[in-house]
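Summary of the model geometry
Each chain, written out:
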Amino acid sequence: MNPINSYTSWQPLEEVIVGRAYTPDYFDFIENAQVRNQLQQILSETEEDLSNLQKTIETYGARVRRPDLPNKHQFQQGQMKGNGAPLPPLTPRDWQITLGDKLLRVLAMQELDGLCKEYEQTGGTVINPHGPTGWDENCILNQASASCIVRVGRDVFFDNSDFLKPEQTRWIVDNVLGPEYRIHEAITDGHGDAVFAILKPGVLLSSKHDVNLDLGRDFPGWDVCKIWDSSIWAAMEVGKFKYEQSPGAWYVQGQTPTPEFTQFVDTYLSKWTGFVAETVFDVNCLVLDESHVIFSAYNKEVFDYCRKHKIEPIISELRHSYFWDGGISCCTQDIRRRGGLETYL
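Predicted model, so just to flag it, every value in this text is computed and none were measured.

Points about the overall build of the protein chain
A tally of regular secondary structure across the protein chain gives nine helices and 15 strands. Residue burial in the protein chain is summarised as follows: out of 345 residues, 56% are buried. For the protein chain, the exposed surface amounts to about 14600 Å²; the carbon and sulfur share of it is 47%.

Considerations on the sheet that holds strand S13 (residues 292-295)
Here we have three strands laid out as an open sheet, ordered S12-S13-S14, and mixed in their pairing. With partners counted over all chains shown, the strands left at the sheet margins are strand S12 (286-289) and strand S14 (312-315), one partner each. The sheet shows a mean angle of 25° between the axes of neighbouring strands, taken without regard to direction. Sheet topology places S12 next to S13; three bridges connect them, and they run antiparallel.

Notes on the sheet that holds strand S15 (residues 332-337)
Pairing in this open sheet of three strands is mixed, and the strands run S2-S1-S15 from one edge to the other. On the outer flanks of this sheet lie strand S2 (63-65) and S15, each paired with one strand and no other. Across the sheet, the mean angle from the axis of one strand to that of its neighbour is 25°, orientation sign disregarded. In this structure, strand S1 (residues 13-18) lies alongside S15, joined through five bridges in antiparallel fashion. When the bridges of S15 are listed, Ile 17 appears paired with Gln 333. The strands touched by helix H1 (residues 33-59) are S1, S2 and S15; relative to S1, the strand with the most contacts, the crossing angle is about 170°.

Some points on empty space enclosed by the protein
Taken as a whole, this structure holds four cavities of 30 Å³ or more when the rule is applied. Its volume calculated, the second largest cavity comes out at about 60 Å³. Along the walls of the second largest cavity sit Thr 46, Asp 49, Leu 50, Leu 90, Leu 318, Arg 319, His 320, Ser 321, Trp 324, Gly 326 and Cys 331, which together make up its complete lining. Listing elements by their share of the lining of the second largest cavity, those giving two or more residues are H1 and helix H9 (321-324). Among the elements that take part in the lining of the second largest cavity, H1 stands out by supplying three residues, more than any other. Residue classes in the lining of the second largest cavity are distributed as five nonpolar, four polar and two charged.

Quick word on the pattern of salt bridges
Applying the stated criterion across every chain, the model contains 20 salt bridges. Close ionic contact of Arg 66 with Glu 47 constitutes a salt bridge, the shortest N to O distance being 3.0 Å. Residue Arg 66 is found in the loop between S2 and helix H2 (72-78), and its partner Glu 47 is found in helix H1; the two are separated by 19 residues along the sequence. In this pair, the class of Arg 66 matches that of Glu 47, namely buried. Of the charged contacts, one joins Arg 319 and Asp 49 as a salt bridge, the two residues approaching to 2.8 Å between their closest N and O atoms. Taken together, the positions of Arg 319 in the loop between S14 and H9 and Asp 49 in helix H1 put the pair 270 residues apart, joining distant regions of the chain. Accessibility assignment for this pair places Arg 319 and Asp 49 in one class, buried. Three or more residues are tied together by salt bridges with common partners; here these are Glu 14, Glu 15, Arg 63, Arg 65, Glu 118, Arg 336 and Arg 338.

A short note on the pairing of S13
The two faces of the sheet receive side chains in turn, since in a regular strand these alternate between them. Residues His 292 and Ile 294 point to one face of S13 and Val 293 and Phe 295 to the other, with burial holding for every one of them. Direction of pairing for S13 relative to S14: parallel, over a ladder of four bridges. Each bridged residue has a counterpart across the sheet, and for His 292 the counterpart in S14 is Glu 312. In the classification by handedness, the crossover that spans S13, the intervening helix H8 (residues 300-308) and the parallel S14 is right-handed.

Here's the deal with the environment of Ser 51
Mapped onto the secondary structure, Ser 51 falls in helix H1. Residue Ser 51 is classed as partly exposed on the basis of its relative accessible area, which comes to 23%. A sequence separation of 265 residues divides Ser 51 from Ser 316, and the C-alpha atoms of the two residues are 10.0 Å apart.

Re the nonpolar core
Across soluble globular proteins, you tend to see nonpolar side chains buried next to one another. In this structure, Phe 27, Leu 39, Ile 57 and Trp 272 are the most contacted members of the largest nonpolar core, which totals 36 residues. Of all the elements in the fold, those that place two or more residues in this core are S1, H1, helix H7 (259-268), S12 and H9. Top contributing element to this core by residue count: H1, with seven residues. Ranked by size, the runner-up nonpolar core spans 31 residues in total, among them Val 150, Ile 198, Leu 205 and Val 293.

Here's the deal with H8
Turning to H8, its buried residues are Val 302, Phe 303, Tyr 305 and Cys 306. One side of H8 carries all its buried residues, which in axial view fall inside an arc of 160°. Across H8 from its buried face, at more than 90 degrees, point the exposed residues Lys 300 and Lys 308. Looking at the buried side of H8, the elements it contacts are strand S9 (196-200), strand S10 (203-207), strand S11 (223-227), S13 and S14. Within two residues after H8, Lys 310 carries a phi angle of roughly 60°, on the positive side.

What about the pairing of strand S8 (residues 182-185)?
Sheet topology places strand S7 (residues 155-158) next to S8; four bridges connect them, and they run parallel. The residue bridging Val 156 from the neighbouring strand is Ile 183, located in S8. The parallel pair S7 and S8, bridged by helix H4 (residues 166-175), forms a crossover whose chirality is right-handed.

Thresholds applied
- Residues numbered from 1 in each chain as written.
- Predicted model: local features only at pLDDT ≥ 70, side-chain atom pairs only at ≥ 80, totals over all residues.
- Heavy atoms only, no water.
- Helix = DSSP H or I, 4+ residues; strand = E, 2+ residues; numbered from the N terminus.
- Buried < 20%, exposed > 50% of the residue type's maximum accessible area, 1.4 Å probe, protein only.
- Areas by Shrake-Rupley, 256 points an atom, 1.4 Å probe, with all protein chains shown as cover.
- Pairing = 2+ DSSP bridges.
- Axes fitted to C-alpha atoms, helices over the stretch in contact; angles between N-to-C directions.
- Contact = heavy atoms within 4.5 Å.
- 1 Å grid on protein atoms, 1.4 Å probe; cavity = no way out; pocket = protein on both sides within 12 Å on 5 of 7 lines; lining within 4 Å.
- Points joined across faces, edges and corners; volume = space filled by probe spheres on them.
- Nonpolar A, V, L, I, M, F, W, Y, C, P; charged D, E, K, R; others polar.
- Salt bridge = Lys/Arg side-chain N within 4 Å of Asp/Glu carboxyl O.
- Right-handed = clockwise from strand over helix to strand, strands pointing away.
- Core = buried A, V, L, I, M, F, W, Y, C linked by side-chain atoms within 4.5 Å.
- Arc of directions from axis to C-beta.

Below, the structure written as structure tokens:
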């Protein structure tokens, strides 16, 4: 059996990578107790939620793999230098993608080396244009994001905008995809999986950020549910978000970030955060099969839409998705789904 096989986001899931945050002890060295405790709480609760996500996925029969973490001593020695702490291996969807029977490492994260090597040793094809060192300053895919690619069987959509340049798309088409695929452009000005998600053939979730898409043309006859308001705004209203301290960039559920913590995050953890106020996490989901989809929070409109199409929505909470700017789809990367290449459009 080929360990790598996935042509869509909805065929029955058999194996998936779930990301990992640093454990709290990686930051024991922080002298300010308030900053240290608040950060360690976020890290502890993040891993708790990811472990629950793993258990939920395993309940439905799929195998879950987890990335490694870097050496803690080396991390603590160097992480406060330069631009601060590097990203943890939390969002594998951004770094690599399964395209049919090939795994493309768009960005080669060292923490995923072990898993990728295992896939190769068991007969899988892993394409790493960055070379054995994991970083090549001349690599064509530098600064690209795998989240800008959406698979619909024979049809593959590329978001040629901020995180994927046209020349990078051309390289992927020429070196990974074969002539059996049809290539489309879907401009979302960012991460496509936070703009639209296919739950099964004919059923598509979209968001207010789809203004540059022509879903009626690309998905004729499909039922599209468009989500206008992100659940973060309701969370911010009932939570302790201080907009004037961190205007839309990040938010800590249930906590009021102190000025010291805010300064620490903005100074040393800037690579971790994005601009969460614009992200629609209600679209950022993981499809287990055509009847089950995992979301990070309840949204009545989305859940009613799912039930209309005989899909059971499953909640696996990510309490700090608003801090990391990463939802369920970002934190997972499917390696193997049951089924082959089919035409849906």
